[in-house]
Amino acid sequence: MGKKIKLIDKLRLGLAVSVAKTVTFAVRSLRLGAASVLPGSIARRIEPRLLQLLSQQVKNGVIIIAGTNGKTTTSLLLKTILERKGYHIAHNSTGANLENGLMTALLENTNLVGTLDADYAILEVDENIVPKVLTPLQPRIILCLNLFRDQLDRYGEVDTISKRWTKVISTLPKETVVIPNADDPTLSHLGQQLPQRVLFFGLNEPEQYLEAIQHAVDSIYCPNCGHSLDYKGVYLSHLGDFTCPSCGFSKSKPTLESSEWGQILVGLYNKYNTLAAATAAIELGVDEATIRDTINNFQAAFGRAEDLVIDGKKVRILLSKNPVGTNETIRVVNQSTDKTTLMVLNDRTPDGTDVSWIWDVDTEKLVERGGTIVVSGDRVYDMALRLRYSEKSLESNLNLIVEEDLRQAIATALKHTPDNETLHILPTYSAMLEVREVLTGRKIL
């Protein structure tokens, strides 16, 4: 933390930073994007150790936030908490969570000679590159949120990722603090195997149990012996209160009592994000009063339960990029009395090119309530077909509207939304960026 670097390294770093800042200025001046990745990519060619040289200058250490769902919201909450205590934070706020995006976020906080000014760096990291960046970053805290199936065309199964995480994390200094999700069997087991200091977060609220295990379940087998786990109850997907009848493996004890804490935004998944950030903040010495007040006044990150007002009508954007996340956003929609939903399905690189995951989503629960569902996106007909198969009879109360053009789809959905209701939009990642650009007139990336 806050280490000095050698003169020769300073010279190379200074050159890399100067070039990166020139690229950033050019891209933004020409309105070609947010320059959230390209500067890091170019600077890295000049100084391959860029990530290490920048991160070791962070005064109080690097905090990594990794997992399939919740990275952006959790990192923004923790960042807001620390900023309220007067700390200056480096953060990849655009969600660019691959190596070049991490470098660009750190470059934003450097001067022209490569001196970085940040008390903490909060970096949300794509789960697949965690093993590649842990050694150069040497994080002070690692938050492990969850592991679900997501973009299988790129990542593979969750147990493979977990084993890679465990192997690399175990080589880090003993003073590294690891904060895994106790309710995720894979991550609970990971935490129990590590030599570092481990704190857990999770729920202890049986009243929140689902009535049944969802179809989109990833890991209901013991990560220690392979036997089927016994669940007292599940909160979402495979997250819940579990034990193994064969080897005795069981859920780890969370540091915080979840029932004593409120949460940010809507949806049970945001209770997990809240507890993860609160556990990390307490570990960093932040007082509970500041944490609780920040939770009560938190504003959503773009596209994550974000509320907008468009033409006098309320719009809520709920990012829905994999089976578990989409099941949870459907649960949020079903808890409301609103009857209009827009679903936008893309299959671009940020979304994952394999959209077969939509057949693991419990869309039946959305269709059962009736109302109007407008579908759009690159794979609009795949989504429409999935919804049609979700109807229990040809005489359902669903008004399904298929609209290829996204602008027209948004206009149609708004038209069908009464003035006193909220339009819920459930887009995949690239679709969320497009939706926000249409609604606000501004690009994010």
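Residues numbered from 1 in each chain as written. Predicted model: local features only at pLDDT ≥ 70, side-chain atom pairs only at ≥ 80, totals over all residues. Heavy atoms only, no water.

- Identification of the chain as Lipid II isoglutaminyl synthase (glutamine-hydrolyzing) subunit MurT from Nostoc piscinale CENA21 is taken from an unreviewed UniProt entry.
- The UniProt entry for the chain carries the following comment under Function (unreviewed entry): "The lipid II isoglutaminyl synthase complex catalyzes the formation of alpha-D-isoglutamine in the cell wall lipid II stem peptide. The MurT subunit catalyzes the ATP-dependent amidation of D-glutamate residue of lipid II, converting it to an isoglutamine residue."
- Taken directly from UniProt, the Subunit (unreviewed entry) text for the chain runs: "Forms a heterodimer with GatD." (UniProt positions renumbered as here; feature names shortened; annotations may be inferred.)

### Description of the overall build of the chain
- Helix and strand content of the chain: 15 helices and 14 strands.
- Taken over C-alpha atoms, the radius of gyration comes to 22 Å for the chain, in line with the 22 Å a tight globule of 445 residues would show.
- When the backbone C-alpha atoms are referred to their principal axes, the chain occupies close to 75 × 60 × 40 Å.
- Among the 445 residues that make up the chain, the fraction classed as buried is 60%.
- Within the chain, contacts between residues at least 6 apart in sequence are counted, and of these 74% link residues at least 24 apart.
- For the chain, the accessible area works out to roughly 18,700 Å², and carbon and sulfur atoms hold 49% of it.
- The positive charge centre, built from 49 side chains, and the negative charge centre, built from 52, are 7 Å apart in the chain. (Helix = DSSP H or I, 4+ residues; strand = E, 2+ residues; numbered from the N terminus. Rg over C-alpha atoms; globule rule 2.2 N^0.38 Å. Buried < 20%, exposed > 50% of the residue type's maximum accessible area, 1.4 Å probe, protein only. Contact = heavy atoms within 4.5 Å. Areas by Shrake-Rupley, 256 points an atom, 1.4 Å probe, with all protein chains shown as cover. Lys, Arg positive; Asp, Glu negative; His and termini not counted. Charge placed at Lys NZ, Arg CZ, Asp CG, Glu CD.)

### A look at the sheet that holds strand E4 (residues 141–144)
- On the basis of which strands lie adjacent, the open sheet formed by 6 strands has the order E2-E3-E1-E4-E5-E6 and parallel pairing. Strands at the two margins of the open sheet, each flanked by one partner only, are strand E2 (89–91) and strand E6 (197–198).
- In this sheet, strand E5 (residues 177–180) lies alongside E4 in parallel orientation, the contact comprising 4 bridges. Note that in E5 the partner of Cys 144 across the bridge is Pro 180.
- Taken strand by strand, helix H9 (residues 269–283) contacts E4, E5 and E6, and its axis lies near 165° from that of E4. (Pairing = 2+ DSSP bridges. Axes fitted to C-alpha atoms, helices over the stretch in contact; angles between N-to-C directions.)

### A few points about the sheet that holds strand E14 (residues 422–427)
- Ordered by their spatial adjacency, 6 strands build an open sheet running E9-E10-E14-E11-E12-E13, and the pairing between neighbours is mixed. Of all the strands in the sheet, just strand E9 (304–310) and strand E13 (398–402) have a single pairing partner and so form its edges. Taking each pair of neighbouring strands and ignoring which way they run, the sheet shows an average axis angle of 20°.
- Sheet topology note: the strand E11 (residues 340–344)/E14 ladder contains 4 bridges and is parallel.

### Here we look at helix H5 (residues 99–107)
- The buried fraction of H5 amounts to 9 of the 9 residues, a majority that puts the element mostly inside the structure.
- Among all positions in H5, only Glu 99, Asn 100, Gly 101, Leu 102, Met 103, Thr 104, Ala 105, Leu 106 and Leu 107 are buried.

### Description of the state of the cysteines
- Scanning the model with the defined rule gives 0 disulfides in all.
- Between Cys 225, a cysteine without a disulfide, and Cys 244, which holds the nearest cysteine sulfur, the sulfur-to-sulfur distance is 3.5 Å.
- The exposure class of Cys 225 is partly exposed, given its relative accessible area of 39%. (Disulfide = S-S within 2.5 Å.)

### Some remarks on the packing of helix H4 (residues 71–84) against helix H10 (residues 288–296)
- The geometry of H4 relative to H10 is characterised by a closest axis approach of 10 Å and an angle of 125° between their N-to-C directions. Classified by the angle between their axes, H4 and H10 sit oblique to one another. The two elements H4 and H10 meet at a crossing, and its hand is right-handed. Contact residues: Leu 77, Thr 80, Ile 81 and Arg 84 in H4; Thr 290, Ile 291, Asp 293, Thr 294 and Ile 295 in H10.
- Considering only residue class, the contact of H4 with H10 consists of 4 nonpolar, 3 polar and 2 charged. (Parallel < 35°, antiparallel > 145°, perpendicular 65-115°, else oblique. Left-handed = near helix turned anticlockwise from the far one by under 90°. Nonpolar A, V, L, I, M, F, W, Y, C, P; charged D, E, K, R; others polar.)

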